[in-house]
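Summary of structural features
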Amino acid sequence: MKVLLVKPNNLSDHIQPSLGLGYLAEGIRARHEVVILDCIKEDISPAQFVQRVLKDGRPDLVGIQCYTFDLGNVRKLLKVIKEWNPGIITVVGGAHIFQRPVAGF
Ligand code: B12
């Protein structure tokens, strides 16, 4: 399976590889083709995601890391991904998932 692991674009300009996505990639690399994409580093907004990422990459599964302040952009990403291809499997994980949902996001 082609797996794309995504760190979403957010308000931070701090560029640093995600340890969490690195662990996930190493855990499945023996059985799957895995790419990690840092949308902060590559400056890819949710609106650009289909054109700049999905059209060429054509992943079977998109896994997205989500901090609480990423939630708005993660929702936008899920919307454009599913509108482009409802068959793509989407998975969200990360710090936000383990905390209480925040009202207003
Ligand atoms: C180290 C760290 C950093 C480092 C990152 C280093 C790196 N190379 O990754 C630095 C200093 C850069 C950093 C920055 C920030 N951080 Co920080 N950071 C941490 C810390 C201490 C550990 C994170 C970590 O690496 N954990 C180890 C890895 C293996 O775990 P993980 O990332 O959670 O990933 C695992 C799971 O969550 C899950 N997972 C993660 N993503 C996905 C995706 C999918 C699809 C799936 C299935 C699973 C999954 O699987 C992974 C493997 O088990 C946590 C606190 C904590 N104890 O978790 C805070 C924490 C994540 N950070 C936090 C914050 C707020 C920030 C900043 C926004 C701070 C700021 N104001 O700038 C910035 C964001 C920077 C950015 N560019 O987005 C908050 C997030 C709160 C929230 N609910 O969103 C935390 C929880 C601290 C806190 N309690 O406030 N951080």
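Note: the structure precedes this text.
The model shown is predicted, which means the values in this text are computed figures rather than measured ones.

A separate point is the environment of isoleucine 40. Within the secondary structure, isoleucine 40 sits in helix H2 (residues 39–42). A relative accessible area of 10% means that isoleucine 40 is categorised as buried. Setting aside chain neighbours within four positions, we find isoleucine 40 in contact with Lys7, Pro8, Asn9, Asn10, Ser12, Asp13, His14 and Ile15.

Right, let's talk about the sheet that holds strand E1 (residues 2–7) for a bit. Each strand in a sheet pairs with another by means of backbone hydrogen bonds, the pair being arranged parallel or else antiparallel. In spatial order, the strands read E2-E1-E3-E4; together these 4 strands make up an open sheet with parallel pairing. Of all the strands in the sheet, the pair left with one neighbour each is strand E2 (33–38) and strand E4 (89–93). Looking at each pair of strands side by side, their axes are set apart by 20° on average, direction ignored. The sheet contact formed by strand E3 (residues 61–65) and E4 spans 5 bridges and is parallel. If you follow glutamine 65 over to E4, its bridge partner there is glycine 93. Each of E1, E2 and E3 touches helix H1 (residues 19–28); the most contacted strand, E1, lies at about 170° to it. Across the sheet, helix H3 (residues 49–57) touches E1, E2 and E3, and the angle it forms with E1 is around 155°.

With that settled, the discussion passes to the packing of aromatic side chains. Enumeration according to the criterion identifies 1 aromatic pair in this entry. Above the plane of the ring of tyrosine 67 lies lysine 7, whose end atom (NZ or CZ) is 5.5 Å from the centre.

Take the side chain of glutamine 65 next. Examined against the element boundaries, glutamine 65 turns out to sit in strand E3. In contact with glutamine 65, not counting residues within four places along its chain, are Val6, Lys7, Pro8, Ser18, Gly20, Leu21, Asp70, Val74 and Gly93.

A few words now on helix H4 (residues 71–84). With 14 residues, H4 should reach 20 Å at 1.5 Å per residue; the first-to-last C-alpha distance of 20 Å fits that figure. Those residues of H4 lying buried are Leu71, Val74, Leu77 and Ile81. Viewed end-on, H4 has its buried residues packed into an arc of 115°, placing them on one side of the element. Relative to its buried face, H4 has exposed residues pointing more than 90 degrees away, namely Lys79 and Glu83. Among the structural elements, E1, H3, E3 and E4 are those in contact with the buried residues of H4.

The rules behind each value
- Residues numbered from 1 in each chain as written.
- Predicted model: local features only at pLDDT ≥ 70, side-chain atom pairs only at ≥ 80, totals over all residues.
- Heavy atoms only, no water.
- Helix = DSSP H or I, 4+ residues; strand = E, 2+ residues; numbered from the N terminus.
- Buried < 20%, exposed > 50% of the residue type's maximum accessible area, 1.4 Å probe, protein only.
- Contact = heavy atoms within 4.5 Å.
- Pairing = 2+ DSSP bridges.
- Axes fitted to C-alpha atoms, helices over the stretch in contact; angles between N-to-C directions.
- Phe/Tyr/Trp six-rings, centres within 6.5 Å; stacked < 30°, edge-to-face > 60°.
- Lys NZ or Arg CZ within 6 Å of the ring centre and 35° of its normal.
- Expected span 1.5 Å × (residues − 1).
- Arc of directions from axis to C-beta.

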